[in-house]
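Chain residues, written in single-letter form:
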Amino acid sequence: MPLERSAKAVGSLLNQSLIIVSNRLPVSVKKGDDGRMEVFPSVGGLATGLSSYTKNADNKWIGWPGIPSNDLTEDEKRFISEELRQHNCYPVFLTQDQLNDFYNGYSNSILWPLFHDLPVTEAAIRERDRFWNAYQQVNRLFLEVILALSGPEDAVWIHDYQLMTLPDMLRQARQLVNIGFFLHIPFPAAQNFADHLKWGADLVAGLLGADLVGFHVHSYMDNFMAAVESYGMGTIDKDNARITLPDRIVQVAEFPIGIDYKRYMRASKDPAVLQELARLKEMFPTQKVILTVDRLDPSKGLVERAAAYQTLLQEYPNFHGKVTLMMLVVPSRTEIEAYKNLKSRLEELVEDINKTFGNESWTPVVYMYKSLPFERLNALYQLADVAFIAPWRDGMNLVAKEYLASKPNKDGVLVLSKTAGAAEELTDAVIVDPARPETLVSGLVRALKMPAEEFRRRAGSMQQQIQNADIHNWANSFINALHSTADNQEGGAHTLGLTGRQAAKLNRRFGAASSQLVLLDYDCVIAPLTPAGMEGLPAELHEILKELSVQADIVIVSGQTQSLLEEKLGGFDNITLVAEHGLFERLPGEKSWKSYRGTDWQAKVLEHLEKFTEKVQGAELEKKDCSLVWHYDKASSYDAQNAVLELKRVIGPLAGVWKLDVLQGSMFLEVRPKGRSKGSTAKEMAARNQYDFVLVVGDDSDDCSLFVDGDWPEEAVTVKVGPGRTGARLRVFRPEEVLGLLRSFKASGSVLAVSA
Ligand code: GDG
């Protein structure tokens with residue numbers, strides 16, 4: 001028996017684009033000494049987490065390609081663009097001056113320290129006006145590229161502190177676009193923010209352009225909402241983490257970023273890693289190794305850690321010769337003065353420790369100022385008895401998670417600052433407080449002396465946590481939340497509630513018009529949906545439509561099958577019925593249905609859907625006349641989510657060959673011939689006659705195509721039922737209000753057109 005749920009096609013087109021925007025692309029470009037351009041992808045966490053999305057050619061990643069544009073000829077820029085395109089990446093070219101002022105200047109010399117509760121240098125304060133202008137200018141350059149590459153209803157996911165004014169710039173340009181923003185660093189306490197940041201209000205307003213603003217942990221969300229409150233920019237609902245603006249809501253949420261857990265676990269068995277590990281073990285046969293891995297950055301508390309180790313050696317001579325601190329320090333932001341100074345201070349201290357305590361057979365600190373290949377880094381993680389991760393402040397800190405994920409035998413102790421976002425999840429770490437240096441020393445002692453049974457238990461429980469919340473889970477959760485936030489928007493920027501006065505005006509316009517079209521959505525607009533399924537038309541509405549159809553052209557559009565519409569609405573022979581989102585159409589006076597289907601593709605797609613129906617417990621397959629629907633509302637959301645990603649991957653190429661649309665709805669995936677939609681039906685209807693009154697009523701986000709693609713005349717009345725952002729001009733909240741409107745038309749002797 002066919003299911004009826006898919007009639008409620010609440011989804012967005014699955015092949016609707018996702019645009020990812022970050023300061024740096026996951027692919028970098030370098031000019032070799034011979035002048036040849038080299039393009040090399042990075043395997044960073046973000047790129048891995050988003051890989052299932054970025055492989056889809058409809059999705060795009062926009063960012064700076066890592067090379068200043070002054071060094072490039074136009075031909076070279078063209079070459080770079082073409083190369084990047086093969087990775088679905090699109091460049092924003094920036095000059096060296098822009099990079100100096102926007103990146104080294106405003107982003108890293110002002111925002112970075114302030115957001116990590118560190119002082120801003122006098123030099124940076126002197127330059128801040130110029131830096132700020134460059135910051136806005138570069139954010140606008142990013143905007144231009146987004147506008148050029150995306151459609152008005154695409155989803156755009158913007159990353160990090162370099163692009164905080166971009167969400168609002170984009171919102172001003174595109175009211176309907178779904179915008180997500182994720183901040184990878186902490187959001188500081190409101191007081192700190194307001195006191196030290198000259199353009200704090202502009203930055204907060206910038207973020208409020210998004211539908212969804214994500215942070216690693218709850219306290220950053222609270223700080224952000226407090227900043228919004230302090231600037232009086234919206235009404236805060238703390239319980240639901242929502243900010244209500246005059247025209248829409250902004251959802252705030254926490255998404256603690258994870259790592260590619262499997263990659264780290266797998267690496268622990270990789271022969272290249274094991275060979276390197278054996279080499280390292282020979283170097284440190286009996287000593288305990290304490291490891292630090294960080295970019296050279298003031299927020300990471302590197303000098304403080306070296307100092308704590310120095311104190312340890314001073315206070316506990318019995319550790320001499322028995323421990324080694326290995327510091328892997330990765331060069332970072334090397335053009336900034338504060339970073340250069342930090343390097344000198346750290347290296348002086350390391351030298352001092354080695355001079356004071358070292359001897360011919362023991363170097364207390366092994367200092368490496370470089371970046372190592374993944375395999376060597378992984379071998380270090382496996383070797384280390386203790387990971388000493390004590391940043392002054394850190395948004396999350398992925399090294400802490402990577403270290404634990406590289407320990408198949410659970411033989412490692414994590415010492416972790418309470419001020420790293422990771423500390424909220426990794427509660428079995430030895431927690432230290434960087435503001436109290438003595439805790440760093442006692443934390444190290446505790447770690448070095450911890451019994452094996454205890455550290456295995458702790459590592460095991462933290463591994464479980466890291467495995468469950470990995471990087472894929474993070475990316476999927478954010479993207480799903482972005483879609484549902486947009487679907488639940490109380491209003492598009494210009495979707496206004498239908499007032500009594502407007503209804504009366506509509507009524508008059510309807511009565512005065514000589515040709516009227518009323519296009520109504522069936523499901524949940526004129527026919528209520530109950531848990532038992534779709535109910536028929538209420539008796540009163542039946543009568544109203546019958547009367548109105550004498551005068552007006554009425555069209556009922558639905559996601560339902562022809563047979564269901566025949567059953568429920570077959571009696572109306574002067575109403576146009578449209579089934580399966582535009583795939584079938586029955587014109588007034590006709591008995592038969594015109595079909596737009598093509599079914600040759602079905603066997604191919606069915607094969608995959610059947611496989612996943614068998615694999616995912618609770619999933620169900622619905623075979624419609626010319627579309628296939630895979631329902632997963634009764635399946636475990638985790639299994640379903642993974643299956644949907646996999647299905648997208650396997651069906652994607654078939655969809656290209658057979659010209660199919662893959663629609664993702666609320667708990668279902670529908671595959672159908674491309675090109676037919678409620679919007680295409682609407683377009684045809686509008687072209688059939690010169691209507692001087694048009695009313696279009698729908699409820700789904702899928703009905704967006706109905707409102708937008710219909711090319712309706714300026715004065716057409718488009719009405720959205722319920723919350724959610726669409727292109728409709730007006731909104732009512734319940735189907736009963738639609739009934740009321742139609743009732744008033746009947747009373748005025750006027751007629752309407754409606755969509756299902
Ligand atoms: C920002 C936030 C947040 C390091 N050395 C080598 C190497 N790495 C890799 C690590 C790790 C990454 O660099 C560093 O990530 P962190 O999270 O520790 O720190 P940030 O760079 O400051 O990142 C931070 C993060 O964004 C994500 O949202 O967690 O709080 O500040 O993945 O493995 N990789 C290789 N060789 C090295 O020598 N191959």
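Residues numbered from 1 in each chain as written. Predicted model: local features only at pLDDT ≥ 70, side-chain atom pairs only at ≥ 80, totals over all residues. Heavy atoms only, no water.

The chain has the name Bifunctional trehalose-6-phosphate synthase/trehalose phosphatase in an unreviewed UniProt entry, where Paramacrobiotus metropolitanus is given as its organism.

Bringing the pattern of salt bridges into the picture now. Scanning the model with the defined rule gives 30 salt bridges in all. Glutamate 127 is the partner of arginine 130 in a salt bridge, and the nearest nitrogen-oxygen pair spans 2.6 Å. Of this pair, arginine 130 and glutamate 127 both sit in helix α5 (residues 122-149), three residues apart, which is roughly one turn of the helix. By relative accessible area, which is 43% here, arginine 130 ends up partly exposed. Between glutamate 347 and lysine 343 there is a salt bridge, with its nearest N and O atoms 3.4 Å apart. Placement of the pair is glutamate 347 and lysine 343 together in helix α13 (residues 337-357), with a separation of four residues, close to one helical turn. The exposure class assigned to lysine 343 is partly exposed, which follows from its relative accessible area of 25%. (Salt bridge = Lys/Arg side-chain N within 4 Å of Asp/Glu carboxyl O. Helix = DSSP H or I, 4+ residues; strand = E, 2+ residues; numbered from the N terminus. Buried < 20%, exposed > 50% of the residue type's maximum accessible area, 1.4 Å probe, protein only.)

One pass over the structure, following the stated rule, counts 23 aromatic pairs. Note on phenylalanine 102 and tyrosine 135: the rings are 6.0 Å apart at their centroids and 40° apart in plane angle, and the pair reads as tilted. Separated by 33 residues along the polypeptide, phenylalanine 102 in helix α4 (residues 96-115) and tyrosine 135 in helix α5 bring together distant segments of the chain. There is no split in this pair, since phenylalanine 102 and tyrosine 135 are both buried. Judged by centre distance (5.4 Å) and plane angle (70°), the ring pair of phenylalanine 115 and phenylalanine 187 falls under edge-to-face. Of this pair, phenylalanine 115 sits in helix α4 while phenylalanine 187 sits in the loop between β8 (178-182) and α7 (190-196), and the two are 72 residues apart along the sequence. An aromatic cluster of at least three residues, connected via ring pairs, comprises Phe102, Tyr106, Trp132, Tyr135 and Trp199. Cation over ring: arginine 263 sits above phenylalanine 374, and NZ or CZ is 3.7 Å from the ring centre. (Phe/Tyr/Trp six-rings, centres within 6.5 Å; stacked < 30°, edge-to-face > 60°. Lys NZ or Arg CZ within 6 Å of the ring centre and 35° of its normal.)

The subject of this paragraph is the site of the ligand. Taken together, 21 residues lie near the ligand, and His184, Leu372, Asp394, Met396 and Glu402 sit nearest. One of the side-chain N or O atoms of histidine 184 is found 2.7 Å from an oxygen atom in the ligand. Here an oxygen atom of the ligand and a side-chain polar atom of histidine 216 are 3.2 Å apart. If the ligand stood free it would expose 730 Å²; the protein chains cover 80% of that surface. Listed by contribution, the elements that provide at least two residues to the shell around the ligand are β13 (288-295), β14 (323-330), α14 (374-383) and α15 (398-405). Here the shell around the ligand is built from residues that sort into 12 nonpolar, five polar and four charged. Structurally, the shell around the ligand is a two-domain feature, drawing no fewer than three residues from each of domain 1 (14-254) and domain 2 (261-468). (Near = heavy atom within 4 Å. Polar contact = N/O pair within 3.5 Å; in protein donor to acceptor, adjacent residues only side chain to side chain. Areas by Shrake-Rupley, 256 points an atom, 1.4 Å probe, with all protein chains shown as cover. Nonpolar A, V, L, I, M, F, W, Y, C, P; charged D, E, K, R; others polar. Domains from an automatic or database assignment.)

Here we come to the nonpolar core. Within the largest apolar cluster, 71 residues are counted, with the highest numbers of intra-cluster contacts made by Leu50, Leu380, Leu414, Leu416, Leu426 and Trp474. Tallying contributions element by element places helix α18 (residues 471-487) first for this core, with seven residues. Here this core spans two domains, since at least three of its residues come from each of domain 1 (14-254) and domain 2 (261-468). Phe131, Leu166, Leu170 and Val250 belong to the second largest nonpolar core, which has 65 residues in total. (Core = buried A, V, L, I, M, F, W, Y, C linked by side-chain atoms within 4.5 Å.)

Across the sheet, six strands lie side by side as β15-β14-β13-β16-β17-β18; this open sheet has parallel pairing. Edge strands, defined here as strands with exactly one partner in the open sheet, are β15 (365-369) and β18 (430-432). Strand-to-strand twist across the sheet, computed as the mean angle between neighbouring axes with direction ignored, equals 20°. Sheet topology note: the β13/β14 ladder contains eight bridges and is parallel. Each bridged residue has a counterpart across the sheet, and for lysine 288 the counterpart in β14 is valine 323. α15 contacts β13, β16 (386-389) and β17 (413-417) of the sheet and is inclined by roughly 170° relative to β17. (Pairing = 2+ DSSP bridges. Axes fitted to C-alpha atoms, helices over the stretch in contact; angles between N-to-C directions. Contact = heavy atoms within 4.5 Å.)

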